[in-house]
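Residue strings, one per chain:
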Amino acid sequence: MDERLLDIGEVARRSGLAPSALRFYERKGLITADGRNGLRRTYVPETLERLALVTCARDAGFTLTEIAAFLRAGPSDAVLRERMAAKEREVDERIAQLTRLRDSLRHAAVCEHDPFVECPDFKRAIRRVSVP
């Protein structure tokens, strides 16, 4: 066996994904096993980078089908580029909402109003959280 290859257990440990998820991703064409060590699948170390990309894309709301298309796409794929631009706008909106929520929580943590949920500043901050 190539010393560089990682077995499925090591990839699972280092990626934080279950071996069953790795096998599922393999069936979906997101990753490829390089071979086997006995009955265990083995992967090149770069698979960890691919899995990080897949996880990031899933966290951003891409479907596995979209991720598979993204992994195969070239620079001329206009449809995919538009989808990525739309997703970027969605992520920006979510970041802005979470920033407003963080600011509201920050205020609540130090507010002296009794009860703090009745604080006018806190109420104003909470109203801003749901505003896109």
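Note: the structure precedes this text.
Computed from a predicted model, the values in this text were never measured in an experiment.

A.B. asks: Sorry if this is basic, but what is going on with the overall build of the chain here?
C.D. replies: Looking only at helices and strands, the chain has 6 helices and 3 strands in total. When the helices and strands of the chain are listed from N to C terminus, the series reads β-α-α-β-β-α-α-α-α. For the chain, the C-alpha radius of gyration of 22 Å lies well beyond 14 Å, the compact-globule estimate for 132 residues. For the chain, the spread of C-alpha atoms along the three principal axes comes to 65 × 35 × 20 Å. When burial is assessed residue by residue, the chain has 23% of its 132 residues classed as buried. Taking the intrachain contacts of the chain between residues at least 6 apart in sequence as the baseline, contacts between residues at least 24 apart amount to 45%. Distance between charge centres in the chain, computed from 24 positive and 21 negative side chains, equals 4 Å.

A.B. asks: What's the story with a nonpolar patch on the surface in this structure? I'm lost.
C.D. replies: Taken together, the side chains of Leu98, Leu101 and Leu105 define a hydrophobic patch exposed on the protein surface, amounting to about 240 Å² of accessible area. We classify Leu105 as exposed; its relative accessible area is 51%.

A.B. asks: How should I be thinking about the packing of aromatic side chains in this particular structure?
C.D. replies: Where two aromatic rings form a pair, the distance of their centres and the angle of their planes describe that pair. Counted under the stated rule, the structure contains 1 aromatic pair. Ring geometry for Phe24 versus Tyr25: centroids 6.4 Å apart, planes at 45°, classification tilted. The partly exposed category is assigned to Phe24, whose relative accessible area is 31%. Its end group placed over the ring of Phe62, Arg83 keeps NZ or CZ at 5.3 Å from the ring centre. The cationic tip of Lys87 hangs over the ring face of Phe62; the distance from NZ or CZ to the ring centre is 5.7 Å.

A.B. asks: Where do I start with the pattern of salt bridges in this structure?
C.D. replies: Pairing between side chains of opposite charge can happen when the charged atoms of each approach one another. On inspection of all chains with the given rule, the structure shows 13 salt bridges. Ionic pairing is found between Arg4 and Glu46, a salt bridge with its closest N-O pair at 3.7 Å. Taken together, the positions of Arg4 in the segment before strand 1 (6-7) and Glu46 in the loop between strand 3 (40-43) and helix 3 (47-59) put the pair 42 residues apart, joining distant regions of the chain. Of the residues examined, Arg4 reaches a relative accessible area of 45% and is grouped as partly exposed. Owing to a relative accessible area of 40%, Glu46 belongs among the partly exposed residues under this scheme. The network of salt bridges with common partners includes Glu66, Arg83, Lys87 and Glu90.

A.B. asks: Looking at this structure, I do not really get the pairing of strand 3. What am I missing?
C.D. replies: Two faces belong to every sheet, and in a regular strand the side chains alternate between them. Examined bridge by bridge, strand 1 and strand 3 share 2 bridges and lie antiparallel to one another. By the bridge assignment for strand 3, Asp7 is matched with Thr42. With 3 bridges joining them, strand 2 (residues 35-37) and strand 3 adopt antiparallel strand pairing. When the bridges of strand 3 are listed, Gly35 appears paired with Thr42.

A.B. asks: Is there a simple way to think about the side chain of Thr47 in this case?
C.D. replies: Mapped onto the fold, Thr47 is located in helix 3. With relative accessibility at 7%, the residue Thr47 sits in the buried group. A distance of 2.9 Å separates a polar atom in the side chain of Thr47 from the backbone oxygen of Val44. Setting aside its immediate chain neighbours within four residues, Thr47 contacts Ile31 and Thr32.

A.B. asks: What is the right way to look at helix 4 (residues 64-72) in this model?
C.D. replies: Because an α-helix packs 3.6 residues into every turn, residues spaced three or four apart end up facing the same way. Looking only at helix 4, the buried set comprises Leu64, Ile67 and Ala68. Looking straight down helix 4, one finds its buried side chains confined to an arc of 100°; they lie on one side. The secondary structure elements touched by the buried residues of helix 4 are helix 2 (19-27) and helix 3.

Conventions used here
- Residues numbered from 1 in each chain as written.
- Predicted model: local features only at pLDDT ≥ 70, side-chain atom pairs only at ≥ 80, totals over all residues.
- Heavy atoms only, no water.
- Helix = DSSP H or I, 4+ residues; strand = E, 2+ residues; numbered from the N terminus.
- Rg over C-alpha atoms; globule rule 2.2 N^0.38 Å.
- Buried < 20%, exposed > 50% of the residue type's maximum accessible area, 1.4 Å probe, protein only.
- Contact = heavy atoms within 4.5 Å.
- Lys, Arg positive; Asp, Glu negative; His and termini not counted.
- Charge placed at Lys NZ, Arg CZ, Asp CG, Glu CD.
- Patch = residues over 30% accessible without salt bridge, like charges linked within 9 Å, V, L, I, M, F, W, Y side chains within 5 Å.
- Areas by Shrake-Rupley, 256 points an atom, 1.4 Å probe, with all protein chains shown as cover.
- Salt bridge = Lys/Arg side-chain N within 4 Å of Asp/Glu carboxyl O.
- Phe/Tyr/Trp six-rings, centres within 6.5 Å; stacked < 30°, edge-to-face > 60°.
- Lys NZ or Arg CZ within 6 Å of the ring centre and 35° of its normal.
- Pairing = 2+ DSSP bridges.
- Polar contact = N/O pair within 3.5 Å; in protein donor to acceptor, adjacent residues only side chain to side chain.
- Arc of directions from axis to C-beta.

So yeah, pure geometry; function would need other evidence.
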